[in-house]
Amino acid sequence: MENWDRDDSDDLDDMREPRSHRRKRDLPFPYNQDLSGILPRLNRRTVWGRARLANHRVTASLLAAGMRLLEQHFGPCAERPVTSKSLLLGPLSQRCVGDAFGANPEPFDRHGDGAGLLRDRWTPYSNFIVDLINFAMWKENYRPEFRTQRAANTRRLVHGRDGREFVRAVHDIAHRHTTDGMDMPSVRLGLALMTVADADEEIARIASGIYADYLGSWKELYAAVLRERGLRLRQGLTLDDLANALSAANDGVTLRALGDPASGVVDDARRRSLTGTVTLAVIHAFLEPENEPSGLSLEQAVAARFGGRGQGGGADPAAAAIGGPPRTEA
């Protein structure tokens, strides 16, 4: 019988482990890592209590069960894909995760009432879905070679001195990001959730939670590019606008590529995607040189371009700024 009134001080004695989390060291990577920053929605009142529970062996084992279900039902080669006859979140119900917990392979835990252990950790249950997707999209779950390549591309974006190299880096990052998203069960589930979020408050909360950390990391990169490239956002636009525009473009291309593979929005042979093209268009439209700002909003800049002779007919100074070298300190 679960005790719903217990406080953090009532946690099981076997949770009273040192910071090194020695009781889950034998679990595979990244389940043996510190998960306290990845699972913020655990059902404990204090930061200390949530951190201990995040790094409990049973919590990692419940996540492993959920990850297997994601692969089985939402992956590109799903064993039991979600169909028009199945509920979207049916494969991730408490009962299904509890059953998958009981079928965990070694060295994960599989003993006990999986559904009860799940309810103890995540209330309401939608919190488990959000934390599971957060874990699935955690950078430690990415392929090592992808992470290495992304770091190299980031350096090309921020520090590359050739404009053509900047453009190539944008296309390369966009293509990799789109195709990797197409292969990730968590991304597929997230896109599916967004299509029905307006009809379900809990699903809307899940979809909103997916973007919190995701957009934050990209905004850091965008801010670094602006700073090093001597660029600024046009009047009236914010870093949130830039991040949301590029994220929406990527989501749209990913969804179109998944639903209509023959559309050509992703070209693996040329390592190009419509995401890269739209990203360059947004950069061209949203940004201008910091040292020679036009002072025009996006709407004013477009109006000037179509306003007649002598208005917007020349080269856009932002394009020259992007193509030029990053700023150096005097």
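Numbering of residues starts from 1 in each chain and follows the order in which that chain's sequence is written. Only residues with pLDDT of at least 70 are given local features in this predicted model, and only at 80 or more are side-chain atom pairs given and counted; all residues enter the totals for whole chains, interfaces and linings. Side-chain numbers here rest on the full set of heavy atoms in the structure, without hydrogens or water.

Caption draft 1: The pattern of salt bridges, seen in detail. For this analysis, a salt bridge means a side-chain nitrogen from Lys or Arg found within 4 Å of a carboxyl oxygen belonging to Asp or Glu. Applying the stated criterion across every chain, the model contains 19 salt bridges. The salt bridge partner of Arg57 is Asp26, with a shortest N-O separation of 2.7 Å. Within this pair, whereas Arg57 is found in helix H2 (residues 57–74), its partner Asp26 is found in the segment before helix H1 (47–54), the two being separated by 31 residues in sequence. Three exposure classes are used, based on accessible area relative to the maximum for each residue type with a 1.4 Å probe and protein chains only: buried under 20%, partly exposed in between, and exposed over 50%. Classification of Asp26 as partly exposed rests on a relative accessible area of 45%. Lys219 is the partner of Asp240 in a salt bridge, and the nearest nitrogen-oxygen pair spans 2.5 Å. In this pair, Asp240 is assigned in helix H10 (residues 239–259) and Lys219 in helix H9 (residues 201–229), connecting sequence segments 21 residues apart. Assessed through its relative accessible area of 39%, Asp240 is described here as partly exposed. Residue class for Lys219 comes out partly exposed when judged on its relative accessible area of 25%. Salt bridges here are not isolated pairs; linked through shared partners, they connect Arg156, Glu165, Arg168, Asp172, Arg176 and Arg271. Working definition: helices are DSSP H or I runs of at least four residues, strands are E runs of at least two. Numbering for both runs from the N terminus.

Caption draft 2: Fine view of the packing of helix H8 (residues 185–195) against H10. Contact geometry of H8 with H10 gives a least axis separation of 11 Å together with a crossing angle of 100°. Our classification of the angle between H8 and H10 gives roughly perpendicular. Residues Arg188, Leu191 and Met194 of H8 touch H10, and the partners they reach there are Asp251, Thr254, Leu255 and Leu258. For this scheme, ten residues count as nonpolar: Ala, Val, Leu, Ile, Met, Phe, Trp, Tyr, Cys and Pro. Four count as charged, namely Asp, Glu, Lys and Arg, and the remainder, Gly too, count as polar. Along the lines of polarity and charge, the residues of the contact of H8 with H10 split into four nonpolar, one polar and two charged. Interaxial angle, 0 to 180 degrees, is taken between N-to-C directions of lines fitted to C-alpha atoms, where a helix line uses only the stretch in contact. To sort the angles, those under 35 degrees are grouped as roughly parallel, those over 145 as roughly antiparallel, those from 65 to 115 as roughly perpendicular, and the leftovers as oblique. Any two residues whose heavy atoms approach within 4.5 Å at even a single point are treated as in contact.

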